[in-house]
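Observations on the three-dimensional arrangement
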Amino acid sequence: MRVSYNWLKKLIDFEFNPQELASVLTSIGIETSVVSKECCWSNVVTVKVLDIKKHPFANKLFLCKVTDGLNSYSIVCGAENISLGQIVPLAKVGAVLPGNVKIKKVKIRGEDSEGMLCSKFELGLERKSNGILVLDKNTKIGIALEDILRSDSILEVEVTVNRGDCLSHLGIVREIGAKIRKMPSLPEIKTFNVPSLSCVEVMPGLCPRYIGTLISGVKVGTSPAWVVDALEKSGIKSINNVVDIANYVMIELGQPLHVFDVKKLDSEKIFVRRANDDEVMVALNEKEYRLDSEMIVIADIMKPIAIAGIIGGKYSGIDEKTEDIFLESAIFNVDLIRKTSRKLNLLTDSSYRFERGLGWNITELASWRAANLIVEVAGGVIKARQDLRSVKYEETIIGLRFERVSKILGYDIKRDEIIEILRFLGINLRLKDEMILCTIPSWRNDIKIEVDLIEELARIKGYDVIPAPLNHKKSDIAITYLSNDLFFPPIVENFRIKLNGLGFNEVLNYSFSEIGELEKLGLKYFYKITNPISKENEVLRPSLLPALYKNLLLNISYGCERVAFFEYGKVFTENGEKKTFAVIMWGKIWGEWWKWLEQKIVPKYDFYFGAGVVKNILPSKEFEIKRNLDPESYYHPGKTASVVFEKKSVGQFGILSPMIVGDLKEDVFYFEIGLDSFDSVCFSNKSFYKAYSKLPIVRRDISVIADRNLQFSEIEKVIEVFMRSNNILRKYSLISVYSDESKFSSNKISYSFRLSYRNDDTTLTDREVNENMRALLHKLYVELGIELRR
Amino acid sequence: MKIGPFFMDNIRLIVNEVVKKIKNSDNEMLESVRSEYFGKNGILTKILKSLSHYSIEDRKKIGFETNKAKAILESEIEKRKEDLKKALIVQKMEKEKLNCSSIFYFPFSKGSFHPIVQTMQDIVLAFKSLGFSVAEGPEIETDWYNFEALNIPKSHPVKDVQDTFYLDGMRSLLRTHTSPGQVRVMEKQDPPIKVIVPGRVYRNEASDASHSSTFHQIEGLRVDKNVTFLDLKVILTKFIHKFFCCGELDIRFRPSHFQFTEPSAEVDIQCFSCKGRGCKICKNSGWIEMLGCGMVHPNVLKCVNYDSELYTGYAFGIGVERIAMLRYKVDDIRLFYENDLRFLKQF
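Because the structure is a prediction, the values reported are computed rather than measured.

1. Side note on the overall build of chain B
- A count of helical and extended segments in chain B gives 13 helices and 10 strands.
- For 347 residues, the compact-globule formula gives about 20 Å, and the C-alpha radius of gyration of chain B, at 41 Å, lies well above that figure.
- Across its three principal axes, chain B shows a C-alpha extent of roughly 125 × 50 × 45 Å.
- Expressed as a percentage of its 347 residues, the buried residues of chain B come to 39%.

Right, here's the structure in full:
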């Protein structure tokens, strides 16, 4: 909301300049900034008119000589009201006027003009002006115009949702008053004894209070400048004098008002009722609204004439012919107004205030204030009035215990100060023992319990005056630890640190996915967002893959040759939210290196490298890599494996299926693992020291020829069984895979192994090793038909 | 036989001379020196061989002096050998000189941690060092935990501020803040409580430079007898000093409103970019909002059956993205979720 500095100042006397006022308001909970000075004139000074001549080549222009006391200037001027000896404002060369008008030295019809004599319009003070602004005769010359016409400042205030009472100049002034301990001075509001009306009928539950005032004989026309000016500063358009006053009182006192043209109503009675389903009303904004029974309307016998608290109907609006008006000042059901405003997607200055709640007494004050001003500005007579209360206003009384203040705040406020602050907040006090009974003013519907009052005290006193001693210690703090005291499960920390060392980058993605994207990857979704803002967040991700794959493509499109990412986050599956970790890698394993380029080595991520990474980062031996029995459909069925923990498959890895990656030439490796079973497993406690031999290792290489179709894991199985049956073969590794049709048949393949032997107690002899190798070969031959390559 | 008057002096003279010689020898010459003096027919060997010709007293003197000379010469030879070896290595190294400019190095890829995760971990660490333990809550929440238990009634304008993503019709929702964690912790245990709840939260709003539909928060909660607003101020001031490691930037506590705290405050930190003078980043205010906090509302305590007369507590919620933006001078929140390597590699 925008408020005028000058207006506030009229209502209460304070010493702050606009900037200071903004920080004072901010410090008591109303975040305020100075929008701009309403006008800023640089280089505009007062000058005296010394000489006036007709322009030789233009009928309507004059050549003037003016002086600021030091220099004189030649100015071309078109104003008819100019005369000798006047004091007028001169925008000198270099001045900038509202609307970003820059003043330059120009020639007008052949005559030099060293600036411009200004009208109120040109200075941004009026919307239309006749002639230049003539200042008082005694005005000094050569001084900045700003110093004579002190312009206003506009403040933008952000009021928290609980403080509807601050949505007016009066509201802001009350807050300033509490801070500086002064009472605001309200304008004089006259009340009259007028006949009572009984034309309004209210259905129960809709409208606690309705005040209607009948004013007849008004003359609708344009508003006086002070009204237009005030509205403009708050960002409200001027319409006509009657409507403008309604709006003026709203920004003055906070009560939204509405005015009906009595002659346009089809009945003498006015009803405040629920709308009928599918009832239609064209509003003042020319739009048609379809209503339902959860909305309140003001209606005559035939039709709705306003959507209560939100907007008036076009039909009953005020126009130039209006003579008799019915002025509404009311309180409506807050919930219904809120719902209606959301449903119709119609947020107005009025609905904004109603939703936040209004003070019981302000309604009455505002009705008299508006009636007074309408009569003053548009003429007419207050004919009659109805104040319909469908509920009884009950005062809120809250007890405040002195002792509780310091118990909550942690510091003392003196009793006198407590009493003073509460008084200036408009609270009526009665002392009772160690307690004050506080009668809360009607506009403060946010104060409901004792602690609300304590906040008022802290707020008005200022949070920043509370000391924050950093050595402040409490002795009775017992610390409680929850069972899960780690931010990340330990296994995630293990993954992150290892991958970081391997040169991988951590990413974070949104938790949302598009259905279309999931379908492409063969993924199902389990959670659909009821109210998504766009396609991008229509479902919750069931896997980290869609976003990681997108990240990959994005970076490839930027020309990256290597992408290696990992992410930790939640995925949303049929079993609810699951902690998940994933790795994606593609492209060159290392950047190109001159030494390797010489040998034409450019290593790229493939299944084997990726699987090596997975094996390397798994935190303990309890994780086994096994054949993938149920691979996700996004994997290449022949290039995938699974990670098994305690006999359960917990993760899968592999190369993404060519069906998905399409044109991408290089392999994309992906690994995803569910972490919920290891939430608090600390893997460093899971391995034990084993004594090792200090005797030397004997290495032997052997090459064998196997059937090409034989699963390699079968060979491994045989070797492992063999290793377990003797205690000298300790390790084997694959050192070459080789096929050569010239040497052996094409359905055969050769593998070379490096075998490491060691005996824990004695040094091995050649004989022992040779015997063992022979035994191994025998086993391979018997079980798998594998022969030694000769 | 008697030793001549200059016998001993002569030995010393020989030693001096030979030492000089050694210092100018190469490996080959060293061998010839060795045989000349210590060999079978070496001068010193000869002297030792002739000892039997002298009296016992002289034998001792000559023996001592000769052995001393031998020891000196041998150590000189070893020293010289060592020097020659070193000289050789120096020569070798001179030949092996590489171009050491970094362009020749092996191009290991450097890994990185995401700035949001780093910031979150650092905040968690700071609070752990202040005695807080850590808890976690679900991202899919119910209306009860996200709103009602936090004193946010069904129809309340605050629900507009926190536009919510709903799931399964309206049955469940994505939490709009980490505050449901407060309620879950209090349900699980009795005071005293001193806990933080970090996590991901969601708001149904269009993203721009400072808003994102997904972001992270860290909730803090402390409930005990005699916990006051002053304690809250102290703990947050300590945290800010700890986290930003300096008192360079000013902080301010400003009254505000949250349904689940009373009194409520927001904490602003002086704009890092303009140091309070006003700029685009702080929208000319000189201040940047950092967190919301307050004393736990009695209605919230009642919801978990705590005696609000006996126990008081404070709570706070920190926006991780906002702090990360401050910390790394990132001016667009969306950068955190784009995952462009050129961005990620900077952290």
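2. Let's talk about the sheet that holds strand 4 (residues 172-174) of chain B
Residue and element names in this part refer to chain B.
- With antiparallel pairing, 3 strands are arranged side by side in an open sheet as 2-4-3. Each edge of the open sheet is held by one strand with a lone partner, namely strand 2 (140-141) and strand 3 (166-167).
- By the bridge criterion, 2 bridges tie strand 2 to strand 4 in an arrangement that is antiparallel. What sits directly across from Glu141, in strand 4, is Leu173.

3. What to know about the pairing of strand 33 (residues 648-656) of chain A
Residues and elements named next belong to chain A.
- Across 7 bridges, the pairing between strand 32 (residues 635-645) and strand 33 is antiparallel. Looking across to strand 33, one finds that Ala641 is bridged to Phe653.
- Where strand 32 folds back onto strand 33 in an antiparallel hairpin, the turn is made up of 2 residues, including Glu646, whose phi is positive at roughly 45 degrees.
- Two elements, strand 33 and strand 34 (residues 668-674), share 5 bridges in a ladder whose sense is antiparallel. Its bridge partner lying in strand 34, Gln652 is registered against Glu672.

4. Notes on the domain arrangement of chain B
- Assigned domains of chain B: these are domain 1 (7-97) and domain 2 (115-344).
- On a C-alpha basis, the centres of domain 1 of chain B and domain 2 of chain B stand 83 Å from each other.

5. Some details on the interface of chain B and chain A
- Listed per partner, the contact involves 72 residues of chain B and 75 residues of chain A.
- Of the residues that constitute the side of chain B that touches chain A, the class distribution is 36 nonpolar, 22 polar and 14 charged.

6. Some details on the nonpolar core
- Core analysis: the biggest nonpolar cluster contains 136 residues, and Leu548(A), Ala582(A), Ile584(A), Cys293(B) and Val320(B) have the highest contact counts within it.
- Sorting elements by how many residues they give to this core places helix 9 (residues 229-244) of chain B first, with 8 residues.
- For Leu548(A), the residues in contact, after removing those within four places along its chain, are Phe565(A), Glu567(A), Ala582(A) and Ile584(A).
- Counting 84 residues, the second-largest nonpolar core is a separate cluster that includes Ile298(A), Ile331(A), Ile382(A) and Trp443(A).

7. A closer look at the packing of helix 6 (residues 241-253) of chain A against helix 9 (residues 360-378) of chain A
Residues and elements named next belong to chain A.
- Their axes nearest at 9 Å, the elements helix 6 and helix 9 cross at an angle of 145 degrees. Of the two possible hands of crossing, helix 6 and helix 9 adopt the one that is right-handed. Along its contact with helix 6, which presents Asn241, Val242, Ile245, Ala246, Tyr248, Val249 and Leu253, the element helix 9 presents Ile362, Leu365, Ala366, Arg369, Ala370, Leu373, Ile374, Val377 and Ala378.

8. Notes on the confidence of the model for chain A
Residues and elements named next belong to chain A.
- When pLDDT is averaged along chain A, the result is 89, and 95% of the positions lie at 70 or above.
- Predicted confidence in chain A is weakest over helix 3 (residues 145-148), with a mean pLDDT of 74, and strongest over strand 26 (residues 505-506), with 97.
- Every residue in residues 472-485 scores below 50 in pLDDT, and together they form 24 contacts with partners more than four places removed in sequence or on other chains.

9. Points about the sheet that holds strand 9 (residues 287-296) of chain B
- The 7 strands lie next to each other as 1-5-6-10-9-8-7 (chain B), forming an open sheet whose pairing is mixed. The open sheet has two free edges, formed respectively by strand 1 (133-134) and strand 7 (251-258) of chain B, since each of these has just one partner strand.

10. Describing the domain arrangement of chain A
- The domains assigned to chain A are domain 1 (2-33 + 153-180), domain 2 (42-148), domain 3 (200-389), domain 4 (396-465), domain 5 (490-686) and domain 6 (698-788).
- Taking the mean C-alpha position of each, domain 3 of chain A and domain 5 of chain A sit 61 Å from one another.

11. Focus: the environment of Asn99(B)
Residue and element names in this part refer to chain B.
- Looking at the secondary structure, you find Asn99 in the loop between helix 4 (56-96) and helix 5 (115-129).
- Here Asn99 falls in the exposed class, since 6 other C-beta atoms lie within 10 Å of it.
- Sequence separation between Asn99 and Asp83 is 16 residues, and the spatial gap between their C-alpha atoms is 28 Å.

12. Some remarks on the environment of Asn16(B)
- You can see Asn16(B) is positioned in helix 1 (residues 7-23).
- Spatially, the C-alpha atom of Asn16(B) lies 9.3 Å from that of Leu73(B), the residues being 57 residues apart in sequence.

13. A closer look at the pairing of strand 37 (residues 748-757) of chain A
All names here are of chain A.
- Inspection of the sheet shows strand 35 (residues 698-707) paired to strand 37 by 10 bridges, in the antiparallel sense. Residue pairing for strand 37: Arg700 is matched across the bridge by Leu755.
- The pairing of strand 36 (residues 729-738) with strand 37 spans 8 bridges and is classified as antiparallel. Residue pairing in the sheet places Ser736 in a bridge with Ser752 of strand 37.

14. As for the confidence of the model for chain B
- Mean pLDDT over chain B stands at 87; residues scoring 70 or higher make up 96%.
- At the level of chain-chain contacts, confidence expressed as ipTM amounts to 0.84, with global pTM at 0.78.

Rules used throughout
- Residues numbered from 1 in each chain as written.
- Chains lettered and ligands numbered in written order.
- Predicted model: local features only at pLDDT ≥ 70, side-chain atom pairs only at ≥ 80, totals over all residues.
- Helix = DSSP H or I, 4+ residues; strand = E, 2+ residues; numbered from the N terminus.
- Rg over C-alpha atoms; globule rule 2.2 N^0.38 Å.
- Buried ≥ 20, exposed ≤ 12 C-beta atoms within 10 Å, placed from the backbone.
- Pairing = 2+ DSSP bridges.
- Domains from an automatic or database assignment.
- Contact = placed C-beta atoms within 7 Å.
- Nonpolar A, V, L, I, M, F, W, Y, C, P; charged D, E, K, R; others polar.
- Core = buried A, V, L, I, M, F, W, Y, C linked by C-beta atoms within 7 Å.
- Axes fitted to C-alpha atoms, helices over the stretch in contact; angles between N-to-C directions.
- Left-handed = near helix turned anticlockwise from the far one by under 90°.
- pLDDT = per-residue confidence, 0-100.

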